[in-house]
There are 2 protein chains.
Amino acid sequence: MSQAPLASDSQAPLEGLRVVDLTQVVVGPYATQFLADFGAEVIKIEHPSGDLARWIGGRSPTPGMAAKYLHLNRNKKSLALDLKKPGALDALKKLIATADVVVHNMRPPAAARLGLSADDLIKLKPDLIYCSVVGFGQQGRYRDKPAYDSIIQGASGLAAINNGGDGQPRFVPMVIADRTVGIMVANTILMAVVQRMRRGGPQVVEVPMFESMAAFVLAEHMFLKTFEPPLGSPGDSRLLDPNSRPIRTADGYICVTANTDAQVFAMFEAMGRPDLRTDPRFADKRARFENIGEMFRIRNEIFATRTTAQWLEILEAADIPAMPLHTLDSVLEDPHLADTGLFEKIEHPTEGTITNLRNPVRFSTYEPQIKWPAPHIGEHSVELLQSIGLDDGAIGALLESGATVDFASRAAA
Amino acid sequence: MSQAPLASDSQAPLEGLRVVDLTQVVVGPYATQFLADFGAEVIKIEHPSGDLARWIGGRSPTPGMAAKYLHLNRNKKSLALDLKKPGALDALKKLIATADVVVHNMRPPAAARLGLSADDLIKLKPDLIYCSVVGFGQQGRYRDKPAYDSIIQGASGLAAINNGGDGQPRFVPMVIADRTVGIMVANTILMAVVQRMRRGGPQVVEVPMFESMAAFVLAEHMFLKTFEPPLGSPGDSRLLDPNSRPIRTADGYICVTANTDAQVFAMFEAMGRPDLRTDPRFADKRARFENIGEMFRIRNEIFATRTTAQWLEILEAADIPAMPLHTLDSVLEDPHLADTGLFEKIEHPTEGTITNLRNPVRFSTYEPQIKWPAPHIGEHSVELLQSIGLDDGAIGALLESGATVDFASRAAA
């Protein structure tokens, strides 16, 4: 591919990319968090009442600064706009005329009613990248349905398979559809950036949550139904087996992976059962695949007889991959994560000391940094409105009507 | 950002990007599947015995073409190389000298022993993007530990929280750490591509699985422990509540999302319990957050009294987001997914009719296509070795020694 080096001191890969982010809650903010951590200028447009994630993510020292919001919005700017009030939409459009990327997760008819369709915005910025995150692809019959994480977990098949123990479906206890699709949205925007650098814009992209999560689950579990006629049922039985789980020891849980013949035979040895190596049920990969439940059962019984520390020592000596199970509390104390700086304590101007999560990807010429913590509602309203040419009178009118808010004046009030 | 349009007929965003992919199984192949679907030339380097995913993903009509492998390797080329045999490493290095990106998931000392460290390869291609997918960041004490999906699920805290029902930790029944980090690897490579287009190369990037998954989980669940002193425990109780699950109806399960006051009050009405609206436990968002388990319990009791179809009708009329739970079987029959073309039946040259998963992201100028199905071991060995200038004698010698294999000659044998 061609290279077009730019003159700039900064080595952040996305320095200079201006993203107007109309999303809220998780899927969109998680996507733009990746972009912001690597140098993009992400401008978060929020209603003056604030992104819902500020409030549904638990308590915080000052209102509207919940932990979940903080972990999704560092290194971003906040411009508060009530698009139903006079002047706000004009200001947004002026801003979009300066942007490289617009991303939103409104339902497309709602975006069009506001004058924020792709056609509308490309008129303002002919090489714009316009990314819609939708619940359901607009070519399909569910196009107008609202989407939420739990609905997508249920519709994608993920909740149905997450039924270990008693066979009842359960959600994975994270908004994992939002977060998984969020990373895909970042991918999509980055591909559009590459496309635009090579061929110019505009580029309109749509990322549908349902289809994306269904593909995510089915790439694993379409399995024998991939073939026609089917060679069997969907679902990888090795992963779905209820005994495929962290193993209980005498004092806790341990995770062990033994896939290859060498690893499995070494594990049998470590378990004091070298005889299993010649047991026809377990002697080769294919046989083990057929009898995996039985192998897990025998393994789990034997592991219950020693402590986690004893097993770690035995397994390490035998070169079998193993680690103890972490809880949410213990993972925060993990010494390797301390070594690599995942947790970064910073002083938030209003929330006191907080623990930030540094993006752990390392470039030879750039390490993601916390340039500033997640902003308050409208913390950058005035500077951004000034940057698009609004004078003090116009900004004052927007503040007066409540079309925007400004954190400094709120804090003073 | 600057634009550097290229002359090319193709509108695929990554057309012309040559990726030498030394990864196997899931995390790396899933990353490069995104790149291949959007036009990159991904050259899969496999040992002549084949990527492990060809075999651990279940039965297939011909050997080594398991469904899981097929869903991770479409649109890629396969070059079989046994790097321990004479000539193979030289051929790989000639190929890398023509590449834009090299990605591997070897442990870094193993890569160095093979002569495949970043320093080694940048000598061959001064603007190379070199991406290492590692289990654990190389700055930390676990740097030499092997990583597997289940170990990372356990170490990141994900298995500990996925304990609904009986409190016992369980893996999410997918290799979800591999897949989640795989999408992040695609992101990272794309950012490096943007960086290289703007400033030139080389660029060396490292994506650590443990840190990446720990950050993925903790962005959700560090929660009140984000603050210092902590405002409470880690873990979002709303997501961790065992009653936060698909709801049993008289004849199946339904997923319902009601977050806002309007949605929750409409749901109380639909449940025949408008009185709950003024119940101090549920009258506002904060009260509901404190009493979420009790709200879920009441909801679940009432939902058991009608069928899924009845509830869908009631909820749709009340504008409350809801969808029935899909199983792996039923999601494959979903009519919206048929409308949007997620499932594409194609004729595989050796495996018969198979159902492919089309990437559901849509660009205005490009729709991801299945250009060809996942290759056999060495299906492109000869053409790729020719393309880097090896003559028939040299290629014959590699075939003879088993340093490479070629699917055509294997098929004929």
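Residues numbered from 1 in each chain as written. Chains lettered and ligands numbered in written order. Predicted model: local features only at pLDDT ≥ 70, side-chain atom pairs only at ≥ 80, totals over all residues.

Let's talk about the overall build of chain A
Here is step 1: What chain A contains, in helices and strands, is 20 helices and 13 strands.
Here is step 2: Along the longest, intermediate and shortest principal axes, the C-alpha atoms of chain A span 85 × 55 × 45 Å.
Here is step 3: Residues counted as buried form 54% of the 413 residues belonging to chain A.
Here is step 4: Relative to all contacts within chain A whose residues are 6 or more apart in sequence, the contacts with residues 24 or more apart total 68%. (Helix = DSSP H or I, 4+ residues; strand = E, 2+ residues; numbered from the N terminus. Buried ≥ 20, exposed ≤ 12 C-beta atoms within 10 Å, placed from the backbone. Contact = placed C-beta atoms within 7 Å.)

With respect to the domain arrangement of chain A
Here is step 1: Partitioning chain A into domains gives domain 1 (18-216 + 344-412) and domain 2 (247-324).
Here is step 2: Of note, the centres of domain 1 of chain A and domain 2 of chain A, computed from C-alpha atoms alone, are 45 Å apart. (Domains from an automatic or database assignment.)

Quick word on the interface of chain A and chain B
Here is step 1: Every contact between the two is made by 135 residues of chain A and, on the other side, 135 residues of chain B.
Here is step 2: When its residues are assigned to classes, the side of chain A that touches chain B shows 74 nonpolar, 38 polar and 23 charged.
Here is step 3: In this sheet, strand β13 (residues 362-363) of chain B lies alongside strand β6 (residues 203-208) of chain A in antiparallel orientation, the contact comprising two bridges. Residue pairing across strands places valine 205 of chain A opposite phenylalanine 363 of chain B, the latter belonging to β13 of chain B. (Nonpolar A, V, L, I, M, F, W, Y, C, P; charged D, E, K, R; others polar. Pairing = 2+ DSSP bridges.)

Things to note about the sheet that holds β13 of chain B
Here is step 1: In space, the seven strands of this open sheet follow the order β3(A)-β2(A)-β1(A)-β4(A)-β5(A)-β6(A)-β13(B), with mixed pairing throughout. With one partner strand each, in any of the chains shown, β3 (76-80) of chain A together with β13 of chain B form the two edges of the open sheet.
Here is step 2: Most of the contacts of helix α1 (residues 27-37) of chain A go to strand β1 (residues 18-21) of chain A, to which it runs at about 165°, and overall it touches β1, β2 (41-46), β3, β4 (101-104) and β5 (129-134) of chain A. (Axes fitted to C-alpha atoms, helices over the stretch in contact; angles between N-to-C directions.)

Describing the sheet that holds strand β7 (residues 227-228) of chain B
Here is step 1: An order of β11(A)-β12(A)-β7(B) is seen for the three strands of this open sheet, with the pairing classed as antiparallel. Each edge of the open sheet carries a strand with a single partner, namely β11 (343-348) of chain A together with β7 of chain B.

As for the relation of the copies chain A and chain B
Here is step 1: By a simple turn and slide, chain A fits onto chain B: the slide is 0.0 Å along the axis, the RMSD is 0.0 Å, and the turn is 180°. Classification of the inter-copy transformation places it as that of a two-fold axis. No C-alpha of chain A lies nearer the rotation axis than that of asparagine 187 of chain A, which sits 2.6 Å from it.
Here is step 2: Take the interface residues of chain A: 100% of them recur as interface residues in chain B, which is what a same-surface contact looks like. (Least-squares fit on C-alpha atoms with pLDDT ≥ 70 in both.)

Digging into the confidence of the model for chain A
All names here are of chain A.
Here is step 1: Confidence in the prediction for chain A averages 94 pLDDT; 97% of positions are at 70 or higher.
Here is step 2: For residues 1-9, every residue scores under 50 in pLDDT, and the model assigns this stretch 22 contacts once sequence neighbours within four places are set aside.
Here is step 3: Two numbers describe this predicted complex: its pTM, 0.95, and its ipTM, 0.95. (pLDDT = per-residue confidence, 0-100.)

Remarks on the packing of helix α9 (residues 176-199) of chain A against helix α10 (residues 209-221) of chain A
Residue and element names in this part refer to chain A.
Here is step 1: It is the contact of α9 with α10, at a shortest axis distance of 10 Å, that shows an interaxial angle of 95°. As summarised for this structure, α9 and α10 are arranged roughly perpendicular, according to the angle between their axes. Counting all contacts with α9, which are made through Ala177, Thr180, Val181 and Met184, the residues of α10 involved are Met209, Ser212, Met213 and Phe216. (Parallel < 35°, antiparallel > 145°, perpendicular 65-115°, else oblique.)

Notes on the pairing of strand β9 (residues 253-256) of chain B
Note on strand geometry: in a regular strand, side chains alternate between the two faces of the sheet.
All names here are of chain B.
Here is step 1: Burial of the side chains of β9 extends over both faces: Tyr253 and Cys255 are buried on one face and Ile254 and Val256 on the other.
Here is step 2: Bridge count between strand β8 (residues 247-248) and β9: two bridges; the pairing is antiparallel. Bridged to arginine 248 within β9 is tyrosine 253.
Here is step 3: Between the antiparallel neighbours β8 and β9 lie four residues.
Here is step 4: Judged from the three bridges that link them, β9 and strand β10 (residues 322-324) form a sheet pairing that is antiparallel. Bridge pairing links isoleucine 254 to proline 324 in β10.

Let's talk about the nonpolar core
Here is step 1: If you look at the biggest cluster of nonpolar residues, it comprises 259 residues, and the most contacted ones within it are Leu35 and Ile189 of chain A together with Leu35 and Ile189 of chain B.
Here is step 2: Those residues in contact with leucine 35 of chain B that sit more than four places away from it in its chain are Leu14, Leu17, Val19, Ala40, Val42, Ala186 and Ile189 of chain B. (Core = buried A, V, L, I, M, F, W, Y, C linked by C-beta atoms within 7 Å.)

So, the environment of isoleucine 161 of chain B
Here is step 1: The residue isoleucine 161 of chain B is located in helix α8 (residues 158-161) in this model.
Here is step 2: For isoleucine 161 of chain B, a count of 24 C-beta atoms within 10 Å translates into the label buried.
Here is step 3: Leave out the neighbours within four places in its chain, and isoleucine 161 of chain B touches Pro173 and Leu328 of chain A together with His221, Gly235 and Leu240 of chain B.

Quick notes on the environment of alanine 97 of chain A
Residue and element names in this part refer to chain A.
Here is step 1: Within the secondary structure layout, alanine 97 lies in the loop between α4 (88-96) and β4.
Here is step 2: Note: C-alpha distance between alanine 97 and isoleucine 388 (291 residues apart in sequence) is 9.2 Å.
Here is step 3: Those residues in contact with alanine 97, other than ones at most four positions away along the chain, are Leu124 and Lys125.

Looking at the pairing of β1 of chain A
Residue and element names in this part refer to chain A.
Here is step 1: Two strands pair when backbone bridges link them, and β1 and β2 are joined in this way by four bridges, in the parallel orientation. Bridged to valine 20 within β2 is isoleucine 43.
Here is step 2: Handedness of the crossover joining β1 and β2 through α1: right-handed.
Here is step 3: Note: β1 against β4, three bridges, orientation parallel. Residue pairing in the sheet places aspartate 21 in a bridge with valine 103 of β4. (Right-handed = clockwise from strand over helix to strand, strands pointing away.)

Things to note about α1 of chain A
All names here are of chain A.
Here is step 1: The buried fraction of α1 is high, at eleven of eleven residues.
Here is step 2: Restricting attention to buried positions, one finds in α1 the residues Val27, Gly28, Pro29, Tyr30, Ala31, Thr32, Gln33, Phe34, Leu35, Ala36 and Asp37.
Here is step 3: After α1 finishes, the residue glycine 39 shows a positive phi value of roughly 105°.

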